[in-house]
Amino acid sequence: MTSWHRELNRRRVGIPLLRIVRVPERIQFAEILRLVAILGLSVAFLAPCVRAVCHVPQITPSGEFFKSDVVFTGTVISARYDDADVGGWYYRLHVERSFKGPVRGEVTVYTENSSARFPLEKGQAYLLFADRNQKRLEIYGCGNSAPLSKAAKSLEILGSIPHAGPYGEIGG
């Protein structure tokens with residue numbers, strides 16, 4: 001039994017703690033080093049799961065509209081993980097409104113397992129800006145794709161694009 005345990009047992013039976021138990025410096029340093037290592041590894045492995053790393057400035061919804069192959073709103077029906085290549089998720093969505101591209105009924109989108117992925121939740125509705133790549137539609141976490149509940153401003157901008165005059169300027 002260590003001196004710390006003895007002191008703890010004394011305190012439990014009502015004997016006052018008369019002295020402070022000192023831990024040898026070697027043990028303190030080892031514990032601190034271990035905690036720093038655990039914290040560092042946690043940050044290194046968990047950080048990419050939490051936030052996308054985008055190497056380009058934020059694009060406006062109207063700018064992304066013209067760069068994207070397909071823009072639509074839809075609700076996620078199903079999700080499946082595929083570990084081919086770098087791995088990624090395929091999401092099947094029911095299309096509710098198409099702003100650009102030939103999407104109707106149901107469509108499948110892909111997001112790779114990278115720091116720029118855009119994870120979707122089954123049953124949730126989204127505004128998605130997708131690009132065709134390797135015969136599939138891909139979505140990313142670095143643009144204006146968002147849950148429908150957070151996409152009001154983007155939807156307003158997208159709704160105004162077909163009504164712009166012939167000599168207007170695209171802004172966002």
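In this text the structure is predicted, and so the values were computed from the model without any measurement. (Residues numbered from 1 in each chain as written. Predicted model: local features only at pLDDT ≥ 70, side-chain atom pairs only at ≥ 80, totals over all residues. Heavy atoms only, no water.)

Draft legend 1. View of the overall build of the protein chain. Of regular secondary structure, the protein chain possesses four helices and six strands. The secondary structure elements of the protein chain, listed N-terminal to C-terminal, are α-α-α-β-β-β-β-β-β-α. Expressed as a percentage of its 172 residues, the buried residues of the protein chain come to 26%. Within the protein chain, residue pairs in contact and separated by at least 24 positions form 57% of the contacts whose partners lie at least 6 positions apart. Counting only carbon and sulfur atoms, one obtains 58% of the accessible surface of the protein chain, whose full area is about 12200 Å². (Helix = DSSP H or I, 4+ residues; strand = E, 2+ residues; numbered from the N terminus. Buried < 20%, exposed > 50% of the residue type's maximum accessible area, 1.4 Å probe, protein only. Contact = heavy atoms within 4.5 Å. Areas by Shrake-Rupley, 256 points an atom, 1.4 Å probe, with all protein chains shown as cover.)

Draft legend 2. Focus on the packing of aromatic side chains. Scanning the entire structure with this criterion turns up four aromatic pairs. Centroid distance Phe65 to Phe66: 5.0 Å. Interplanar angle 90°. Geometry classified as edge-to-face. Judged by relative accessible area, Phe65 falls into the buried class, the value being 11%. Between Tyr81 and Trp89 the ring centres are 4.9 Å apart and the planes differ by 65°, which places this aromatic pair in the edge-to-face class. On the basis of relative accessibility, which here comes to 41%, the residue Tyr81 falls in the partly exposed class. Judged by its relative accessible area of 24%, Trp89 falls in the partly exposed class. Lys100 extends its terminal NZ or CZ atom over the ring of Phe65, reaching a point 5.4 Å from the ring centre. The lysine or arginine in question, Arg136, covers the ring of Tyr110, its NZ or CZ lying 3.7 Å from the ring centre. (Phe/Tyr/Trp six-rings, centres within 6.5 Å; stacked < 30°, edge-to-face > 60°. Lys NZ or Arg CZ within 6 Å of the ring centre and 35° of its normal.)

Draft legend 3. Geometry of the pattern of salt bridges. On inspection of all chains with the given rule, the structure shows two salt bridges. Among the salt bridges present, the one from Arg92 reaches Glu106, with a minimum N-O distance of 3.2 Å. With Arg92 in strand E2 (residues 88–100) and Glu106 in strand E3 (residues 106–112), this residue pair connects regions lying 14 residues apart in the sequence. For Arg92, a relative accessible area of 31% translates into the label partly exposed. One salt bridge in this structure joins Arg136 and Glu138, with 2.9 Å as the shortest N-O distance. (Salt bridge = Lys/Arg side-chain N within 4 Å of Asp/Glu carboxyl O.)

Draft legend 4. Highlighting the side chain of Arg117. Mapped onto the secondary structure, Arg117 falls in the loop between E3 and strand E4 (125–133). A distance of 3.0 Å separates a polar atom in the side chain of Arg117 from the backbone oxygen of Ser114. (Polar contact = N/O pair within 3.5 Å; in protein donor to acceptor, adjacent residues only side chain to side chain.)

Draft legend 5. Fine view of unusual backbone geometry. We note that Gln134 has phi near 55°; this positive angle belongs to a residue other than glycine. Its location among the elements puts Gln134 in the loop between E4 and strand E5 (136–138). Using a relative accessible area of 58% as the deciding quantity, one classes Gln134 as exposed. A positive phi angle is found at Lys135, which is not glycine, with a value near 65°. On the secondary structure map, Lys135 appears in the loop between E4 and E5. Residue Lys135 is classed as exposed on the basis of its relative accessible area, which comes to 88%.

Draft legend 6. Here's a closer look at the environment of Ser114. Structurally, Ser114 is set in the loop between E3 and E4. Sequence separation between Ser114 and Gly87 is 27 residues; the distance between their C-alpha atoms is 8.5 Å.

Draft legend 7. Here's a closer look at the side chain of Ser145. Assignment of secondary structure puts Ser145 in the loop between E5 and strand E6 (146–147). Polar contacts involving the side chain of Ser145 include one to the main-chain amide nitrogen of Phe129, which spans 3.0 Å. If we skip the residues at most four places from it in the chain, Ser145 touches Glu64, Phe118, Leu127, Leu128, Phe129 and Tyr140.

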